[in-house]
Amino acid sequence: MVDEKAQEREYMRMALALAARGKGMTHPNPMVGAVVVKDDRVVGKGYHKGPYTPHAEVEALAQAGDAAKGSDLYVTLEPCNHQGRTPPCTEAIIRAGVRRVTIAAKDPNPHVRGGGAERLVEAGVEVRTGLMEREARRLNEAYEKLVLSGRPLVVVKMAATADGKVALRTGASRWITGEESRREVHRMRRGSDAVMVGRGTVEEDDPELTVRMVSLGGARPPVRVVVDSRLSLPEDRRLARGGEPKVMVASIPGHDRRKGERLRARGVEVLEVAEKEGRVDLGELLRLLGGMGVARLLVEGGPTLVGSLLEEGLADRLALFLAPRVLGDREARAWMEGRTLLDLEEAIPLRWRRVRRMGEDLLLEAEIGRR
């Protein structure tokens, strides 16, 4: 005898796997997957591939064709009921004659939340919600953060030795971790809308911040962002030369105008951001990036930038790569700097999400709490 609930979870799990194929492609839209089932048989599948492309439900219904009439639709996010870049999905579902829609998670966007489910119920379609909701919300945590706060989900990535050091006292840091860890960082870049570093990282490491060790596979390469309050980055560094993907440098007003003009002539966008204690106001910078559609921001900066983001409560996730070696040098740089604590209650809390083996390294992933 077939376990109906187990079968329904399997259909939704299939829809979630489809949705995940859109990673790095859909933002600022959510990742969505859909599966059409008729007489216990999958007759249509689809996922959202990016702005201006058909939504998952429409793609799955088109594949199902006439078999969609009287079918069950499993979708990872509440179908839209508004005219945006594409027509409302609710109307496509109603026209197709779908009898029941199972939704993993409601759309968190406060401007549309609940509207899609309500429209379907009004049209006589049976609607159920909440199947594998936690998995669906985690898949779209960056989208949820953007629509609720106007800021991107900020993921801080650091590579350190087992004693928490990221560089020798000389500044040398290549390579602390192994090849598999570096490949995982490129996967993280592929799934991000932007990658951000500070001026010090540009000067010391001269990074490219491009996706190289993995295939983009249809994903958009992330925008490259440099936080450089005084617009003092050396012009011979690779990021100062512009090119694709786009480079943006965030500085405070009153920087070197001629230098700004030279950078713009190379295609580098210079952003003037409000000042906070003599530096770029990071909260304001995140709001600007969110307004540009950046939903997931990967921070690969040094201890100073990372320390500022954590201290100001602006970082959401931590990806800490630990190499199996110990420096044992008190002058070597730790992965976070800038704080002096006298009370353990002032420590920034972490909530571990998972631990993974990356070759000989470990990847510790955590949610960053607020004090």
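Residues numbered from 1 in each chain as written. Predicted model: local features only at pLDDT ≥ 70, side-chain atom pairs only at ≥ 80, totals over all residues. Heavy atoms only, no water.

Peer 1: What am I meant to see in the overall build of the protein chain here?
Peer 2: When helices and strands are tallied, the protein chain shows 11 helices and 18 strands. Its C-alpha atoms give the protein chain principal-axis dimensions of about 70 × 45 × 40 Å. Here the protein chain holds 371 residues, and 51% of them are scored as buried. Looking at the protein chain alone, contacts between residues at least 24 apart form 70% of all its contacts between residues at least 6 apart. Just so you have it, the protein chain exposes about 17900 Å², and 47% of that area is on carbon and sulfur atoms. Taking the average place of the 63 positive charges on the side chains of the protein chain and the average place of its 56 negative ones, the gap between the two points comes to 2 Å. (Helix = DSSP H or I, 4+ residues; strand = E, 2+ residues; numbered from the N terminus. Buried < 20%, exposed > 50% of the residue type's maximum accessible area, 1.4 Å probe, protein only. Contact = heavy atoms within 4.5 Å. Areas by Shrake-Rupley, 256 points an atom, 1.4 Å probe, with all protein chains shown as cover. Lys, Arg positive; Asp, Glu negative; His and termini not counted. Charge placed at Lys NZ, Arg CZ, Asp CG, Glu CD.)

Peer 1: Looking at this structure, I do not really get the pattern of salt bridges. What am I missing?
Peer 2: Two side chains that carry opposite charge are able to pair once their charged atoms sit near each other. This model, assessed by the stated rule, comprises 34 salt bridges. Residue Lys157 pairs with Glu300 through a salt bridge whose shortest N-O separation is 3.9 Å. Placement of the pair is Lys157 in strand β6 (residues 153-161) and Glu300 in the loop between β14 (296-299) and α11 (303-311), with a sequence separation of 143 residues. The pair formed by Lys157 and Glu300 is uniform in burial state, with each residue classed as buried. A salt bridge links Arg262 to Glu235, with the nearest nitrogen and oxygen atoms 2.6 Å apart. Placement of Arg262 in helix α9 (residues 257-265) and of Glu235 in the loop between β9 (223-227) and β10 (247-251) is noted, with a sequence separation of 27 residues between them. Using a relative accessible area of 38% as the deciding quantity, one classes Arg262 as partly exposed. Residue Glu235 is classed as partly exposed on the basis of its relative accessible area of 24%. Salt bridges linked by common partners bring Glu179, Glu180, Arg183, Glu184, Arg187, Arg354, Arg356 and Glu365 together as one network. (Salt bridge = Lys/Arg side-chain N within 4 Å of Asp/Glu carboxyl O.)

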